[in-house]
Amino acid sequence: MEEVKKILNRVRRKLLLEGLVNNLFRFISIGLILSLILGIVSKFFFIENLVIIISLVIAFSIICSVFYSFYKKPDLLKAARVCDELGGKERFITSLELDNDKKHSAFSNLVISDALESGKNQDFYKNYKIKLSRRVLIVLLVLVLSNFITAFVSPYKNSIEISMGNSIESIKEDLKITEKNKEVDKEILKEIKKAINIA
């Protein structure tokens, strides 16, 4: 039975790779949706370090896809189903079920040897082609294009104007606090107000 499990484990690794690639595309799509939302919001409101935030979102989505793929990794039963679909003719699922019963009769040994012979006659690992979800690929492509378009659209307000406006507002608040302080020279305050055009 160990030889049959080796055949199934090879197919299972390919199934894991398929799941990893498909989940990577799905999770990157989610990350791109979030980055698209951030990009659109940044056209109206200044977001400091936007590129770093978007990079972190995409990196986090990639990490999540890897963890999710290993959490949902295929078992031997799924690999046995794939082998049976590729020409195993129910030999591999039956072998696993008989192996789980722990009753090794002459019949179960015959079924296991038949599955092993079938695994040696054809390479299920090579015969199984990795399937990618076309719908996810199309969504991913649309999201990548949308993000590029959003990146090149000019913002509603210039980010420098927004940041300058925020700085001037904070300076005004600091001046109000400073005016209440009796020890500050009134002439210096007038000069500062004149420099930033506050009446």
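This text goes with the structure placed above it.
Colleague: Tell me about the side chain of threonine 150, residues and numbers included.
Modeller: Residue position: threonine 150 is located in helix H7 (residues 134-152). Those residues in contact with threonine 150, other than ones at most four positions away along the chain, are Leu36, Gly39, Ile40 and Lys43.

Colleague: Describe the side chain of asparagine 147, naming the residues involved and giving the relevant values.
Modeller: If you trace the backbone, asparagine 147 turns up in helix H7. Engagement of the side chain of asparagine 147 in a polar contact is seen with the backbone oxygen of leucine 143, the distance being 2.8 Å. In this structure asparagine 147 touches Leu32, Ser35 and Leu36, once residues within four positions along its chain are discounted.

Colleague: Pulling in residues and values, what's your account of a nonpolar patch on the surface?
Modeller: A cluster of nonpolar residues, Ile30, Ile33, Leu34, Ile37, Ile40, Val41, Phe44 and Phe45, forms a patch on the protein surface that exposes about 750 Å² of accessible area. Positionally, leucine 34 belongs in helix H1 (residues 2-42). Residue classification places leucine 34 among the partly exposed positions, given a relative accessible area of 43%.

Scoring rules and cut-offs
- Within each chain, residues carry numbers counting from 1 in the order of the written sequence.
- Reporting in this predicted model follows two pLDDT cut-offs: at least 70 for local features of residues, and 80 or more for side-chain atom pairs to be given and counted; totals over whole chains, interfaces and linings ignore these cut-offs and use all residues.
- As a convention, hydrogens and water are excluded, and side-chain values are obtained from all of the structure's heavy atoms.
- The helix count covers DSSP runs of H or I at least four residues long, the strand count covers runs of E at least two residues long, and both are numbered beginning at the N terminus.
- Contacts: residue pairs with any heavy atoms within 4.5 Å of one another.
- Identification of polar contacts relies on pairs of N or O atoms within 3.5 Å, with a donor-acceptor requirement for protein atoms, meaning one able to donate a hydrogen and the other able to accept it, and with residues adjacent in sequence counted only if both atoms are side-chain atoms.
- Patch rule: a residue counts if its relative accessible area is over 30% and it has no salt bridge; like charges are joined within 9 Å, and nonpolar side chains (Val, Leu, Ile, Met, Phe, Trp, Tyr) within 5 Å.
- In short, Shrake-Rupley with a 1.4 Å probe defines the accessible areas, and a residue's cover is counted only from the protein chains shown.
- When a carboxyl oxygen of Asp or Glu is within 4 Å of a side-chain nitrogen of Lys or Arg, the pair counts as a salt bridge.
- Only protein chains enter the area calculation, which uses a 1.4 Å probe; residues under 20% of their type maximum are buried, those over 50% are exposed, and those in between are partly exposed.

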